[in-house]
Amino acid sequence: MSDIPSNEDGEMSKEELLNAIRDSIVNLDFDKSKEYTLKALEAGATPQEIILKSIAQGMEIVGKKFEESEYFLSELIVAGEIGKEITKILEPYLKGAEMKKIGKVVIGTVRGDLHDIGKNIVAMMLEAAEFKVIDLGADVPPERFVEAVKSENPDIVGMSALLTVTMVEMKNVIEALKEAGLRDKVKVIIGGAAVTEDYAKNIGADGYGANAVEGVRICKQWVSQK
Amino acid sequence: MSDIPSNEDGEMSKEELLNAIRDSIVNLDFDKSKEYTLKALEAGATPQEIILKSIAQGMEIVGKKFEESEYFLSELIVAGEIGKEITKILEPYLKGAEMKKIGKVVIGTVRGDLHDIGKNIVAMMLEAAEFKVIDLGADVPPERFVEAVKSENPDIVGMSALLTVTMVEMKNVIEALKEAGLRDKVKVIIGGAAVTEDYAKNIGADGYGANAVEGVRICKQWVSQK
Amino acid sequence: MGFSHIEYTPKDIVFGFSKRSLRYGTDLEVGNGLVVPEIKYFPRVEKNVIEEYRHITGQLLKKAVALGTQNLQLETELTYLEMEDKKLVGELVNLQKSMIERYAKEYGLHVGYRVTVADIRDFGKPKHDEESFIRMMDIFELVSSNGADVLSIESEGGKELFNYSIIRQDLTGIVTSLGYLATFDMKKLWKNIVSIARNKSVLAGGDSACAFANTAMKIAGGLKDNMIPHSLASIVRVMSACRSLIAFEEGAGGPGKDCAYENVYLKMITGYPMSMEGKSSAVAHSSLVGNVIAATCDLWSNEQVENIKLFGGFGPEVFLEILHYDTKLMNMAIESGMQYCLRDLMIKSDKFISPQAFVLSPDVVYEIAEVIVSEKDELSRTVASAIKAIELMAVEEKLNLSKGERRFMEMAKKKLEEIYSSPALKVEKALEQYEGKVEKLRVKDYLEA
Amino acid sequence: MGFSHIEYTPKDIVFGFSKRSLRYGTDLEVGNGLVVPEIKYFPRVEKNVIEEYRHITGQLLKKAVALGTQNLQLETELTYLEMEDKKLVGELVNLQKSMIERYAKEYGLHVGYRVTVADIRDFGKPKHDEESFIRMMDIFELVSSNGADVLSIESEGGKELFNYSIIRQDLTGIVTSLGYLATFDMKKLWKNIVSIARNKSVLAGGDSACAFANTAMKIAGGLKDNMIPHSLASIVRVMSACRSLIAFEEGAGGPGKDCAYENVYLKMITGYPMSMEGKSSAVAHSSLVGNVIAATCDLWSNEQVENIKLFGGFGPEVFLEILHYDTKLMNMAIESGMQYCLRDLMIKSDKFISPQAFVLSPDVVYEIAEVIVSEKDELSRTVASAIKAIELMAVEEKLNLSKGERRFMEMAKKKLEEIYSSPALKVEKALEQYEGKVEKLRVKDYLEA
Ligand code: B12
Ligand code: B12
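Here is what the cut-offs are and how they apply
Residues numbered from 1 in each chain as written. Chains lettered and ligands numbered in written order. Predicted model: local features only at pLDDT ≥ 70, side-chain atom pairs only at ≥ 80, totals over all residues. Heavy atoms only, no water. Helix = DSSP H or I, 4+ residues; strand = E, 2+ residues; numbered from the N terminus. Rg over C-alpha atoms; globule rule 2.2 N^0.38 Å. Buried < 20%, exposed > 50% of the residue type's maximum accessible area, 1.4 Å probe, protein only. Contact = heavy atoms within 4.5 Å. Areas by Shrake-Rupley, 256 points an atom, 1.4 Å probe, with all protein chains shown as cover. Lys, Arg positive; Asp, Glu negative; His and termini not counted. Charge placed at Lys NZ, Arg CZ, Asp CG, Glu CD. Domains from an automatic or database assignment. Buried area = accessible area lost by both parts, 1.4 Å probe. Salt bridge = Lys/Arg side-chain N within 4 Å of Asp/Glu carboxyl O. Polar contact = N/O pair within 3.5 Å; in protein donor to acceptor, adjacent residues only side chain to side chain. Nonpolar A, V, L, I, M, F, W, Y, C, P; charged D, E, K, R; others polar. Near = heavy atom within 4 Å. Donors = N, O, S within 2.8 Å, 3.2 Å for Na, K, Ca; no water. Least-squares fit on C-alpha atoms with pLDDT ≥ 70 in both. Pairing = 2+ DSSP bridges. Axes fitted to C-alpha atoms, helices over the stretch in contact; angles between N-to-C directions.

### So, the overall build of chain C
Phase 1: Regarding its fold elements, chain C presents 17 helices and twelve strands.
Phase 2: On C-alpha atoms alone, chain C measures out to a radius of gyration of 21 Å, which is about the 22 Å that the 2.2 N^0.38 rule sets for 449 residues.
Phase 3: Relative to its 449 residues, chain C shows a buried fraction of 70%.
Phase 4: At a minimum sequence separation of 6, the contacts of chain C that also span at least 24 residues come to 75%.
Phase 5: When the accessible surface of chain C is split by element, carbon and sulfur atoms take 49% of a total near 14200 Å².
Phase 6: Charged side chains in chain C number 55 positive and 64 negative. The centres of these two groups are separated by 1 Å.

Rendered as structure tokens:
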């Protein structure tokens, strides 16, 4: 990418290093981003600075490039993962100052259904939107949803189904949550090619996301109302 | 048609005349059938003979030709109408000996729906099958169905709908019959391109006919079980 | 009776080209070397109407962008329920138009927008339900003011008698319905529609004999069905061309309405661009003419699909995609100079499988259209065109007609020739009889129209 | 690695003709100058399964008669639920076959019957869920004994890693999945299927990389979507051809399974007849390759439609009618000696609209197929074919690729060339990393297969 300076190995200022981390996120270059993060820490940058000036700004650029159709969703996801990896490096330096999360989501594809790509995209985009996500995987029986709600106490439960045969499972999960007395503690959102907004209403889910972007928008709205 | 003798105007025996009526039904020739009927009555044929030997046999031949794909449904209908016309000629001679009917059907297309061709076909075929048919026409509101059931005391109510928007009316009719305490007195059968067997079950109809032949078969079955 | 000659030869009539091409909507060109998909949809009834139209229109425009469909037409066919609520109709037409314009601006789409008004008249009421007639005209005005580019209707004058006659194979009734009663009604109706269209500077698209010819086609069914003869359905189609032509004689200028398969005749005679439907409208109308009918279309339609979810998307999206590829193939043929080759394959595909396809093949259409334009009045041309159709079918050995079909055709020809000898007299005499027998038939109201 | 040369030139490969035509079912001929509609349906789940299949099969056979469709193929794709009940599967296959035979006898229909077994394995379980594997093989035997003519599957070996990689544009992961892990699984699976097919004298049809290439296609979406690059989806399709070819190398003999768009490659390389889907499968798979994919098909399919009521009939009927007219046009082209003309229109219609269509165009397929047959093992050919695809896309100006696509292709080419320099090494090293990160991935179970 021509607009990113090819950083020489010579002396770089803290500011330059923070920019270099940001740019390597934009370039989706994990190795470089790691290298510069360590150097920046050495040069006296605080973890907070790296998060704000490098990661957040890098993600913003990537997000904008995605919106301008220059980057692909997949690249948004990879950038998100690089951001996560850098945060891991920073963890020892953060000394207990935990990263802020805006909410917690338990998500899974329902029992009998192995289509998990859509669900995975939703999970990743939720993470990118600073949700803590507990991904139960695919083919998840109602009991596992109930357990997870008990143990994790999330704000939101997300379910995915792509088969007509399996979408009925969503109702079962909602029933199981009711039986366990947990239904009122969480918002429930569903999605996946088989289901529709109507169906969500019918089975008493709180929301329906036709795609990942819409799903994340709804979840953000819910936690902001809390 | 080569297999039908071209009857000369000369002297014909009663038997010959009965056959000639039968053949003119098969030929869908209303004028000839009328002419021979009057002659047959003159020649001493009883109305019962004409009904059994001419009309019934003529209809049977036409029916067979229809089944063998030589005749069209429309021709079955025309033959039926000729039969009806002949019966009208015979009426004064029948002296009160009413024609036997195997059952009575009130039929109509539901409110808001003007598609009546399918319904008409069903009505005609019911008549051909010796049902007495009260045809309420198209765009029939629930009240009119209820009234007709009260005043006509039919065995069966038939409803037709071709629009998704109007099929809900069928439920209204059934509800109205319930409210009037008439639901148990009649069997309800529905049909038309919009509805399905499931839908019939859902709204509590007793039967569904995908086409006229099936509809008539079901109605016949019902009255034979009585 | 304005058209007295034929605009094409069977050799040069072809999809995508019409002698009188049109430009409307967000700069959509029709009939000038491009076949345009025309997508028609049916809202889910349990939904909020406005939201439902927003959903349908949004998905269609998005899909057009996703597929690279630059040119398309949307058709909204107002339902009976919608016709009762003028405010709602205004709102929904406005909404769709503004969505179309937004997409046109953002993505350079060329979009036409047809609104079809339902014929809500109850012909059994005095003056054929004048109140409903006025409402229909109000709605034509309303949709014209709110963004419709093309006005259409599937009008029903004469259908009381037609319904009675078709299931009885009663040719006198059929002729009287299509060639006589319908004529009066079409003239009155289209005078009004054309005047509204001129006032509002929108297009008066045309009328479909759906209530007649498609009913006959539906009843005739598949190859092995024996409901009515296929040859009967075929001559009903031909006669319906004489009836639908009246809209153009009154000043309509296309694009003709999709479900009028008789449009092949109208294109041949008027030179205006026509919408057609066939193969990809199986979702609503099963037919034996799926390919042949594409041979001469300018717009290509799916008839109508409900907005329900299918595996690959909602019904309208799915069918827009199918129409997109259908038209792309035709347009590529035009671009490559192969349009006549593809057209001939389409014709050959169906022509001899059923009389219904036969009478829609351009060469046959041409011969019958010549009869239509040479007759002196609406009634005579209706009878004469049907006779011509029977004559052509009868000598075509490749049609392989059944005994029953042949028996019917012989009878029909005799009957029609009898009528042709003195049509007005025969029809007027017959009407006296029908008036008592046919439900809702009010002959006087037609003649006074 | 049985195929070392190409069966066709880009000039002579065309729909309806395959070098190794087949005859099966009730005397259905495939690949011998006729394109056959293959209709696939999905039962309504709330129904009694047997009654539902009776309903579907009955309407389809009736419709075939009504339309005059002499040749057709039915495909039943067993659902996960059905796979749990062997008695049910036996019964439903038997029922369908006996209905087919009754109609064949009465109306002279030529019908083939494909049964696709669901891949029900949970790859996260030890030995990749051996129990399920055994059940699958039992069901292949069962359906063969009960009337299936053609066996197929959409097998999923390698997909844990693929799912992880595709949404990260991770080419190492994609190559490892399709070119390495899947290879082991395909070999084992198809050895077994072919042996069952030979024992039972039925056809081993082939395998679709649906879980890979169609997932990538679905995620890539429409022209303006930016989920993953379309050029990525394209090379996934090419790489999946290398994977699906393995079924044929193990003895499968077609007709290839409909949803494997990579079948264009397999036909080019093996000469066996192939089923394809495109335009008229929009009901299940929206795509940018609707026409081009028809250019070389021997059977033509709708993918899958639910048995729900639409205005013109139930879903399966409606789509059989659409396929009927699609294939009739192709067959008429063949009859008229115009098949190459129609084929070229189909190709031109889509070729340059998206890279996905480009890599399915016969001339491009030919060049890439040459690379496939010349490489020494499954892994190398997977990488080499993808590189070749990128090279061809990169120089094709008419493709009009976006900046993002070009950026991706440059990156991808570099990455793939790096892998190509020592594929086994790179893949094995990468696998060490993935095993921890990718859910359910059990590398050892692949290698021991
Ligand atoms: C890829 C695929 C597969 C892969 C799945 C790989 C995987 N690990 O996921 C494989 C091959 C394994 C597969 C198997 C089967 N499949 Co499949 N498959 C598909 C295909 C082609 C694409 C699905 C996909 O990944 N889409 C891409 C993602 C990104 O889209 P998405 O899932 O819709 O997700 C988006 C939104 O829906 C939303 N979303 C999704 N989940 C959630 C959740 C929340 C909370 C929110 C807010 C939003 C949200 O956001 C996502 C991103 O925008 C579809 C075709 C289609 N038209 O969808 C068929 C399809 C879904 N499969 C189908 C069938 C029948 C099957 C099988 C039964 C076939 C068989 N007989 O073997 C098996 C069943 C396996 C099982 N038990 O689950 C049918 C379903 C029919 C039905 N309605 O029931 C389809 C529609 C294809 C068809 N017409 O035949 N399949
Ligand atoms: C002809 C026709 C018309 C004619 C009707 C003429 C008439 N007097 O009936 C006219 C032009 C008037 C018309 C108008 C409209 N129509 Co209309 N019409 C049709 C068409 C082409 C054929 C219907 C037909 O007559 N079939 C022949 C008969 C023999 O078949 P049938 O009715 O199904 O009947 C058989 C069986 O169903 C059964 N049966 C029927 N009734 C009963 C009853 C019982 C008790 C039993 C046992 C059996 C039974 O037996 C019959 C013989 O076997 C269909 C297309 C189609 N695919 O059906 C559209 C169709 C029904 N119409 C449609 C629409 C939308 C309309 C309009 C709203 C259009 C408009 N915007 O103006 C209006 C509505 C008018 C109204 N309020 O009713 C849609 C319906 C969509 C929906 N599902 O809601 C269809 C499906 C066409 C389409 N896809 O667009 N239509």
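### Comments concerning the overall build of chain A
Phase 1: Of regular secondary structure, chain A possesses nine helices and five strands.
Phase 2: Each helix and strand of chain A, ordered N terminal to C terminal, gives the series α-α-α-α-β-α-β-α-β-α-β-α-β-α.
Phase 3: If one aligns the C-alpha atoms of chain A with their principal axes, the spans along those axes are about 65 × 40 × 30 Å.
Phase 4: Expressed as a percentage of its 226 residues, the buried residues of chain A come to 53%.
Phase 5: Taking all contacts inside chain A whose residues are at least 6 apart in sequence as the whole, residues at least 24 apart take part in 70%.
Phase 6: Entry remark: accessible area of chain A is about 10900 Å², with carbon and sulfur atoms responsible for 49%.
Phase 7: Here chain A holds 28 positive side-chain charges and 39 negative ones, and the gap between their average locations is 6 Å.

### Considerations on the domain arrangement of chain A
Residue and element names in this part refer to chain A.
Phase 1: Here chain A is described as being made up of domain 1 (14-94) and domain 2 (103-224).
Phase 2: Spacing between the C-alpha centres of domain 1 and domain 2 amounts to 30 Å.
Phase 3: Domain 1 puts four residues into the contact, and the matching count from domain 2 is four residues.
Phase 4: Summing both partners gives a buried area of about 390 Å² for domain 1 against domain 2, and 81% of it is carried by carbon and sulfur.
Phase 5: If you sort the residues of domain 1 by the area they bury against domain 2, Leu-73, Ile-77 and Lys-84 come out on top, with a joint share of 71%.
Phase 6: Applying the counting criterion to the domain 1 and domain 2 interface returns one salt bridge.
Phase 7: Where Glu-127 meets Lys-84, a salt bridge forms, and the shortest distance between an N and an O atom there is 2.7 Å.
Phase 8: Counting across the domain 1 and domain 2 interface gives one residue pair in polar contact (both at pLDDT 80 or more).
Phase 9: Its residues assigned to classes, the side of domain 1 that touches domain 2 shows two nonpolar, no polar and two charged.

### Section: the site of ligand 1
Phase 1: Around ligand 1 sit 42 residues in total, of which His-115 of chain A, Phe-311 of chain C together with Asn-163, Thr-215 and Gln-304 of chain D are the nearest.
Phase 2: Looking at what sits near ligand 1, you find residues from chains A, C and D.
Phase 3: In the environment of ligand 1, a nitrogen atom lies 3.0 Å from a nitrogen or oxygen atom belonging to the backbone of Ala-284 of chain D.
Phase 4: Among the elements of the structure, helix H5 (117-128), strand E3 (156-160), strand E4 (187-191) and helix H9 (212-225) of chain A together with helix H5 (159-166) and helix H7 (210-220) of chain D are those that each provide at least two residues to the shell around ligand 1.

### What to know about helix H5 (residues 159-166) of chain C
Phase 1: Extensive coverage of H5 of chain C is indicated by the burial of eight of its eight residues.
Phase 2: The complete set of buried residues in H5 of chain C reads Lys-159, Glu-160, Leu-161, Phe-162, Asn-163, Tyr-164, Ser-165 and Ile-166 of chain C.

### Quick word on the interface of chain D and chain C
Phase 1: Each partner contributes residues to the interface: chain D has 48 residues there, and chain C has 48 residues.
Phase 2: Interface area for chain D against chain C, summed over the two sides, is near 4100 Å², with a carbon-plus-sulfur share of 68%.
Phase 3: If you sort the residues of chain D by the area they bury against chain C, Phe-311, Tyr-325 and Leu-345 of chain D come out on top, with a joint share of 17%.
Phase 4: The salt bridge partner of Lys-328 of chain C is Asp-350 of chain D, with a shortest N-O separation of 2.9 Å.
Phase 5: Where chain D meets chain C, there are 28 residue pairs in polar contact (both at pLDDT 80 or more).

### So, the coordination of the cobalt atom of ligand 2
Phase 1: You will see that the cobalt atom of ligand 2 has only one donor from the protein, His-115 of chain B (NE2), lying 2.3 Å away.
Phase 2: Within the secondary structure layout, His-115 of chain B lies in the loop between strand E1 (103-109) and helix H5 (117-128).

### What about the interface of chain B and chain D?
Phase 1: Between chain B and chain D, the contact holds seven residues from the first and four residues from the second.
Phase 2: In total, chain B and chain D occlude about 340 Å² of area from one another, counting both sides; carbon and sulfur atoms represent 35% of this.
Phase 3: Applying the counting rule to chain B against chain D returns two salt bridges.
Phase 4: For Arg-44 of chain D, the salt bridge is made with Asp-198 of chain B, and the minimal N-O distance between the two is 3.6 Å.
Phase 5: Between the two partners, chain B and chain D, sit three residue pairs in polar contact (both at pLDDT 80 or more).
Phase 6: A breakdown of the residues in the side of chain B that touches chain D according to their chemical character gives three nonpolar, three polar and one charged.

### Some thoughts on the site of ligand 2
Phase 1: Ligand 2 sits among 41 residues. The nearest are His-115 of chain B, Asn-163, Thr-215 and Gln-304 of chain C together with Phe-311 of chain D.
Phase 2: Around ligand 2, the nearby residues trace back to chains B, C and D.
Phase 3: The separation between an oxygen atom of ligand 2 and a polar main-chain atom of Asp-116 of chain B is 2.8 Å.
Phase 4: At 3.0 Å from a nitrogen atom of ligand 2 is found a main-chain nitrogen or oxygen belonging to Ala-284 of chain C.
Phase 5: At the level of elements, H5, strand E3 (156-160), strand E4 (187-191) and helix H9 (212-225) of chain B together with H5 and helix H7 (210-220) of chain C are the ones that each hand at least two residues to the shell around ligand 2.
Phase 6: In terms of residue class, the shell around ligand 2 is built from 20 nonpolar, 14 polar and seven charged.

### Here we look at the relation of the copies chain D and chain C
Phase 1: Superposing chain D onto chain C takes a rotation of 180° combined with a translation of 0.0 Å along the rotation axis, leaving an RMSD of 0.0 Å. Read as a symmetry element, the transformation amounts to a two-fold axis. Residues of chain D ranked by C-alpha distance from the rotation axis are headed by Leu-342 of chain D, positioned 3.6 Å from it.
Phase 2: The fraction of interface residues of chain D whose copies in chain C are also interface residues reaches 100%, indicating that both copies meet through the same surface.

### Topic: the environment of Ala-148 of chain D
Residues and elements named next belong to chain D.
Phase 1: Relative to the assigned elements, Ala-148 resides in the loop between helix H4 (130-146) and strand E6 (150-153).
Phase 2: Classification of Ala-148 as buried rests on a relative accessible area of 4%.
Phase 3: Sequence spacing of Ala-148 and Arg-135 is 13 residues, and the spatial spacing of their C-alpha atoms is 17 Å.
Phase 4: Those residues in contact with Ala-148, other than ones at most four positions away along the chain, are Val-93, Tyr-113, Val-115, Val-143 and Val-202.

### Some points on the pairing of strand E1 (residues 17-24) of chain D
Residues and elements named next belong to chain D.
Phase 1: Sheet topology places E1 next to strand E2 (residues 28-32); four bridges connect them, and they run antiparallel. Residue pairing for E2: Tyr-24 is matched across the bridge by Leu-28.
Phase 2: Counting the residues between successive antiparallel strands, the hairpin from E1 to E2 contains three residues, one of them, Gly-25, with a positive phi of roughly 65°.

### Looking at the sheet that holds E4 of chain A
Residues and elements named next belong to chain A.
Phase 1: Spatial ordering of the open sheet is given by E2-E1-E3-E4-E5, a layout of five strands whose pairing is parallel. Only two strands of the sheet have a single partner each, and these edge strands are strand E2 (131-135) and strand E5 (207-209). Between one strand axis and the next, the sheet turns by 25° as a mean value, whatever way the strands run.
Phase 2: With three bridges joining them, E4 and E5 adopt parallel strand pairing. From the neighbouring strand, Gly-191 faces E5, where its bridge partner is Gly-209.
Phase 3: Packed on one face of the sheet, H5 meets strand E1 (103-109), E2 and E3 and runs near 150° to E2.

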